[in-house]
Amino acid sequence: MNNNKEKKTFRLYAIVLFIFASIVLLWTGYSQNKINENYKNRLNDKENENIKFEYNLNSALEENKKLNGEIEKLKKDLSEAQDNTVKLEKEIKTLKETQQKTLEQYEKVLKADFEYSNGNIKECALILLEIKENSLKGDYILKKYNELKNKAYKEAAKLFYFDGYDSFKKKNYKIAIDNFNNSLKLTEDEYFSDDCYYLSAYCGYYIKDYDFSKEMIDKLLNKYPESDYNSEAKSLLKMIENAS
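Residues numbered from 1 in each chain as written. Predicted model: local features only at pLDDT ≥ 70, side-chain atom pairs only at ≥ 80, totals over all residues. Heavy atoms only, no water.

Student: Would you explain the overall build of the protein chain in this entry?
Tutor: Looking only at helices and strands, one finds seven helices and zero strands in the protein chain. In sequence order, the protein chain lays out its α and β elements as α-α-α-α-α-α-α. Looking at the protein chain as a whole, 25% of its 244 residues qualify as buried. Taking the intrachain contacts of the protein chain between residues at least 6 apart in sequence as the baseline, contacts between residues at least 24 apart amount to 57%. Just so you have it, the protein chain exposes about 18,400 Å², and 54% of that area is on carbon and sulfur atoms. (Helix = DSSP H or I, 4+ residues; strand = E, 2+ residues; numbered from the N terminus. Buried < 20%, exposed > 50% of the residue type's maximum accessible area, 1.4 Å probe, protein only. Contact = heavy atoms within 4.5 Å. Areas by Shrake-Rupley, 256 points an atom, 1.4 Å probe, with all protein chains shown as cover.)

Student: Would you mind going over helix 6 (residues 210-223) with me for this structure?
Tutor: An α-helix turns once per 3.6 residues; consequently, residues spaced three or four apart project the same way. For helix 6, with 14 residues, the first-to-last C-alpha span of 20 Å sits near the 20 Å given by 1.5 Å per residue. Among the residues of helix 6, those classed as buried are Y210, F212, S213, M216, I217 and L220. One side of helix 6 carries all its buried residues, which in axial view fall inside an arc of 160°. With respect to the buried face of helix 6, the exposed residues turned more than 90 degrees away are D211 and N222. Considering only its buried residues, helix 6 is in contact with helix 4 (173-186), helix 5 (193-206) and helix 7 (230-243). (Expected span 1.5 Å × (residues − 1). Arc of directions from axis to C-beta.)

Student: It is not clear to me how the packing of aromatic side chains should be interpreted in this structure. Could you clarify?
Tutor: Given two aromatic rings, their pairing is described by the distance between the two centres and the angle made by the two planes. One pass over the full model with this rule turns up 15 aromatic pairs. Ring centres 4.5 Å apart and planes at 20° place the aromatic pair Y198 and Y229 in the stacked group. In this pair, Y198 sits in helix 5 while Y229 sits in the loop between helix 6 and helix 7, placing the two residues 31 residues apart along the sequence. Taking relative accessible area as the criterion, Y229 reaches 23% and is therefore assigned partly exposed. Their ring planes at 35° and their centres at 5.7 Å tell us that Y202 and Y206 sit as a pair that is tilted. With Y202 and Y206 both in helix 5 and four residues apart, the pair spans about one turn of that helix. Assessed through its relative accessible area of 15%, Y202 is described here as buried. (Phe/Tyr/Trp six-rings, centres within 6.5 Å; stacked < 30°, edge-to-face > 60°.)

Structure follows, in structure tokens:
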């Protein structure tokens, strides 16, 4: 009787123990699944974060590349703008210089006209010699310039010749040379033009500037082969050769 009772009690304990063990196993399995699920979720979250980070990084790099491109374009535009500015500044400077030179030439024509009107023919001619005809723009100023040249050059050349001859007679040879030279600058086609070369040669001889004297004789013989002074000029050349 007691044995039967003990067997029933043992079975009951076994069943309770089995149930308890099953519950523990079930709970352990559930917990493990939960842990695995949480771990997987955390992994997934981490993966998602990595994906998001990589996406954001790629987006940032792409945006940075785009901005760098825009910066380079702006630098290029700025450089071109600076080059254009420098070019424009040079053009403006050149235009101002040209304008200033043109104005100076205009003023010289007006000054030459003033001198001629006051009877200063030589002064008028010397001013005209300084003028660059190609810098004169406009029909009026060109017409005035050419009128003055046609009137003043011939008259002034004669006056310089006679002043030179007068200085030559007074033995002011350097002053004579300057006057003869001015006469020849204005014209070499007058009856006294060969005189200027011949007398200049003698001036050079008297001041012992033999190279200058030879140069004047050479020009006389080449420019005026029919001049009455040629034979005398050749004699002067022999005197120079003996003196040097």
